[in-house]
Amino acid sequence: MLGISSGKAEWQVSVTVNLAIALAQAALGGVLDADVYGFSLPKMLGATNDPIVLGDTVIPTLVHGVRCLSMGYFVDDAQPVIWRGPMLHKAIEQLVTEAWWTSRTFS
């Protein structure tokens, strides 16, 4: 797992998108957009489909070979987000633990 953190600069999102695509070509990952205040990562990837929710499991959207999840999929664009502390932590925890990140099957 590789974490990329940023303040308010969009160039970090560009780096993240390009790195995620490169890693996906080596079958090494997906990308989780944990920014709950600005959801630009799916747009920069060119994602057009929403993730699939099956019970308690979320299947991330697949774009350019990259599995992608973002809070932007679960919050209306016109809805203000005022999450802090425990609510923010729980949302990110759910995206990490309740998502099906792999497409590999093992026999």
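Residues numbered from 1 in each chain as written. Predicted model: local features only at pLDDT ≥ 70, side-chain atom pairs only at ≥ 80, totals over all residues. Heavy atoms only, no water.

K.L.:
An account of the overall build of the protein is needed here, citing residue identities and associated values.
P.N.:
Regarding its fold elements, the protein presents 3 helices and 5 strands. Listing each helix as α and each strand as β along the protein from the N terminus yields α-β-α-β-β-β-β-α. Going through the 107 residues of the protein one by one, you find that 30% of them count as buried. As presented, the protein carries roughly 7300 Å² of accessible surface, and 58% of it is formed by carbon and sulfur atoms. (Helix = DSSP H or I, 4+ residues; strand = E, 2+ residues; numbered from the N terminus. Buried < 20%, exposed > 50% of the residue type's maximum accessible area, 1.4 Å probe, protein only. Areas by Shrake-Rupley, 256 points an atom, 1.4 Å probe, with all protein chains shown as cover.)

K.L.:
Describe the pairing of strand E1 (residues 30-33), with residues and values.
P.N.:
Along E1, the buried face is formed by Val31 and Asp33; none of Gly30 and Leu32, which line the opposite face, is buried. Sheet analysis places E1 next to strand E5 (residues 66-70), joined by 4 bridges and oriented parallel. Each residue of the ladder has a partner; that of valine 31, found in E5, is cysteine 68. (Pairing = 2+ DSSP bridges.)

K.L.:
How would you sum up the pattern of salt bridges? Please name residues and give values.
P.N.:
Think of it this way: side chains of opposite charge can pair up when their charged atoms draw near. A full pass over the atoms with the stated rule returns 1 salt bridge. Lysine 90 is the partner of glutamate 93 in a salt bridge, and the nearest nitrogen-oxygen pair spans 3.8 Å. Separated by 3 residues within a single helix, glutamate 93 and lysine 90 lie in helix H3 (residues 85-97), roughly one turn from each other. Judged by its relative accessible area of 34%, glutamate 93 falls in the partly exposed class. When its relative accessible area of 43% is taken as the criterion, lysine 90 is described as partly exposed. (Salt bridge = Lys/Arg side-chain N within 4 Å of Asp/Glu carboxyl O.)

K.L.:
An account of the pairing of E5 is needed here, citing residue identities and associated values.
P.N.:
Most of E5 sits out of view: 5 of its 5 residues are buried. Alternating residues of E5 divide into Val66, Cys68 and Ser70 and Arg67 and Leu69, and every residue in both groups is buried. In this structure, strand E4 (residues 61-63) lies alongside E5, joined through 3 bridges in antiparallel fashion. If you follow leucine 62 over to E5, its bridge partner there is arginine 67.

K.L.:
Tell me about the side chain of arginine 67, and please be specific about residues and values.
P.N.:
Looking at the element boundaries, arginine 67 is found in strand E5. Here arginine 67 occupies a buried position and makes no salt bridge, while the nearest side chain of opposite charge, aspartate 50, is found at 14 Å. At 3.4 Å, the side chain of arginine 67 forms a polar contact with the backbone oxygen of proline 60. (Lys, Arg positive; Asp, Glu negative; His and termini not counted. Polar contact = N/O pair within 3.5 Å; in protein donor to acceptor, adjacent residues only side chain to side chain.)

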